[in-house]
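# Descriptive analysis of the structure
For reference, the chains in residue letters:
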Amino acid sequence: MGADADSRGGTEADSGAARGAGPGADTGTVRHSTGTGPGTGGHGEDTMDLRLPDELVALIAREEPDGQGARRWDQEDTAQPCASGTAHRAPSARPALPHHDDLLDHVADWGPADTPAGVFHLVPVRVERDLPLISRWMNDPATAAFWELSGPQDVTEDHLRAQLAGDGRSVPCIGVLDGTPMSYWEIYRADLDPLARHYPARPHDTGVHLLVGAVADRGRGLGGLLLRAVADLVLVRRPSCARVIAEPDIRNTPSIAAFLTAGFRFSAEVDLPAKRAALMVRDRSLRHLL
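Residues numbered from 1 in each chain as written. Predicted model: local features only at pLDDT ≥ 70, side-chain atom pairs only at ≥ 80, totals over all residues. Heavy atoms only, no water.

### Describing the overall build of the protein chain
Basically, it comes down to this: Numbering goes from the N terminus for both helices and strands, where a helix is a DSSP run of H or I of at least four residues and a strand is a run of E of at least two. For the exposure calls, accessible area comes from a 1.4 Å probe over protein chains only, and a residue counts as buried if that area is under 20% of its type's maximum, exposed if over 50%, partly exposed in between. For accessible areas, the Shrake-Rupley method is used with a probe of radius 1.4 Å. Any residue's cover is judged against the shown protein chains and nothing else.
Within the protein chain, the regular secondary structure consists of 6 helices and 8 strands. Along the protein chain, from the amino end to the carboxyl end, the secondary structure elements read α-β-β-α-α-α-β-β-β-α-β-α-β-β. Within the protein chain, the proportion of its 290 residues that are buried is 54%. Surface exposure of the protein chain reaches about 11500 Å², of which carbon and sulfur atoms provide 53%.

The structure is reproduced here in structure tokens:
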């Protein structure tokens, strides 16, 4: 099955944020020490004092004191933008930031990516259209243990609506390859996520989670190919973003291999609440070398 099944990391079907470390949860304020140390992997360029992004400063200022199988899609059916707000657990209630679409520079408008496998689009999720398909993917035994969204459709629905009702720091998407929906993605602001507590985040770091849904699409190298395409989209469409981040489980060697194939580098091992993860980084400055 390999890493193509799911880039959240854990075994062959799991990678991404750990429980309680997904987009949209409470991030707090964290200072990271400079230099190298435990969990940094010796990469000095990844260590720094965290400068809170302007968006997070604005968010804190506004905080209250008390703290079915794949089907062909017509292009006009896939052009509806949706902002979102969590990647693993429902976020705490938060006031919306002004112009929240700008947190990820309008994912709906990123446009297509040409890949050797075909033309690929990221299409923001619409629950009424996409819930049955995503729920079916989440109930695949190879996926269920790691995304923990198996069961009735309302389990997946709650997960999706929590993002869609958020402040735009996470956007759940369907990956459409040559007109066929075949993968589920979450594009999120890693620097505004609880993940930032566990690595030296930089402003505008952008995270990705991937689930290749159909069994027939797994084990074909699509995971690495599409991860590269999406990372390139992020770096082209988000000029303020210097790095694309992922955190597969350290045990998930097929997933890590897919990220390496996609031009990510292994940066460090990090301890997240539910797993030990491999911090994978795609650098803008190394984009044309890896």
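Back to the write-up after that little detour.
### Description of helix H6 (residues 253-261)
Which entries qualify depends on this criterion: Here, the arc refers to the directions that run from the helix axis to the C-beta atoms. Every residue pair with non-hydrogen atoms within 4.5 Å of one another is taken to be in contact.
Turning to H6, its buried residues are Ser255, Ile256, Ala258 and Phe259. Angularly, the buried residues of H6 cover 155° about the axis, an arc narrow enough to put them on a single face. Opposite its buried face, H6 presents the exposed residues Thr253 and Thr261, each directed more than 90 degrees away. Tucked into the core, H6 has its buried residues touching strand S5 (206-212), helix H5 (222-237), strand S6 (243-246) and strand S8 (275-283). Positive backbone phi, at 95°, marks Gly263, one or two positions downstream of H6.

### A word on the packing of aromatic side chains
Both the distance between ring centres and the angle between the ring planes are used here to describe each pair of aromatic rings. Quick note on the threshold: Only Phe, Tyr and Trp rings are paired, with Trp represented by its six-membered ring, and only when their centres lie within 6.5 Å; those with planes under 30 degrees apart are stacked, over 60 edge-to-face, the remainder tilted.
Per the counting criterion, the structure on display carries 3 aromatic pairs. Measuring from centroid to centroid gives 5.6 Å for Trp147 and Tyr184, while their planes differ by 65°, and the two rings are edge-to-face. Highlighted residues: Trp147 in helix H3 (residues 141-147) and Tyr184 in strand S4 (residues 180-189), separated in sequence by 37 residues. When the centroid spacing of 5.1 Å and the interplanar angle of 75° are considered together, the rings of Phe259 and Phe264 count as edge-to-face.

### Focus: the pairing of S6
Quick note on the threshold: Crossover handedness is defined by viewing with both strands directed away from the observer: a clockwise path from the first strand over the helix to the second marks the crossover as right-handed. The pairing criterion is simple: DSSP has to find at least two bridges between the two strands.
Neither face of S6 is open: one carries Arg243 and Ile245, the other Val244 and Ala246, and all of them are buried. Taken together, S5, H5 and S6 form a β-α-β motif whose crossover is right-handed. Relative to S8, S6 runs antiparallel, the two being bridged by 4 bridges. Bridge assignment links Arg243 to a residue of S8, and that residue is Asp283.

### Focus: unusual backbone geometry
Unlike most non-glycine residues, His106 shows phi in positive territory, near 60°. Inspection of the secondary structure puts His106 in the loop between helix H1 (54-62) and strand S1 (113-115). The exposure class of His106 is partly exposed, given its relative accessible area of 32%. Positive phi values are uncommon outside glycine, yet Asp178 reaches one of about 50°. Secondary-structure assignment places Asp178 in the loop between strand S3 (170-177) and S4. By relative accessible area, Asp178 is classed as partly exposed at 39%.

### Re the pattern of salt bridges
Counted only if it meets this: Note on definitions: salt bridges are taken to be side-chain nitrogens of Lys or Arg within 4 Å of carboxyl oxygens of Asp or Glu.
Taken as a whole, this structure holds 15 salt bridges when the rule is applied. For Arg126, the salt bridge identified is with Glu128, shortest N-O distance 3.5 Å. Between Asp232 and Arg282 there is a salt bridge; the shortest N-O distance is 3.1 Å. Pair noted here: Asp232 is in helix H5 and Arg282 is in strand S8, with a separation of 50 residues, a long-range link. The class of Asp232 is partly exposed, set by a relative accessible area of 21%.

### Focus: the pairing of strand S2 (residues 118-124)
Of all 7 residues in S2, 6 are buried, a share of seventy percent or more. In this structure, S1 lies alongside S2, joined through 3 bridges in antiparallel fashion. Paired with Thr115 across the strands is Gly118, a residue of S2. The pairing of S2 with S3 spans 5 bridges and is classified as antiparallel. Counted as the bridge partner of Phe120 is Leu177 from S3.

### Regarding the sheet that holds S8
Neighbouring strands of a sheet are bound in pairs by backbone hydrogen bonds; such pairs are parallel or else antiparallel. For clarity, the cut-off: Whenever a helix is involved, its axis is fitted only over the stretch in contact; in every case the axis is a line through C-alpha atoms, and angles between N-to-C directions fall within 0 to 180 degrees.
Sheet architecture is open: 8 strands sit in the order S1-S2-S3-S4-S5-S6-S8-S7, paired in mixed fashion. On the outer flanks of this sheet lie S1 and strand S7 (265-272), each paired with one strand and no other. Recorded for the sheet is a direction-independent mean angle of 30° between the axes of neighbouring strands. Bridge analysis of S7 against S8 gives 7 bridges, and the strand direction is antiparallel. Bridging across to S8, Leu272 finds its partner in Lys275.

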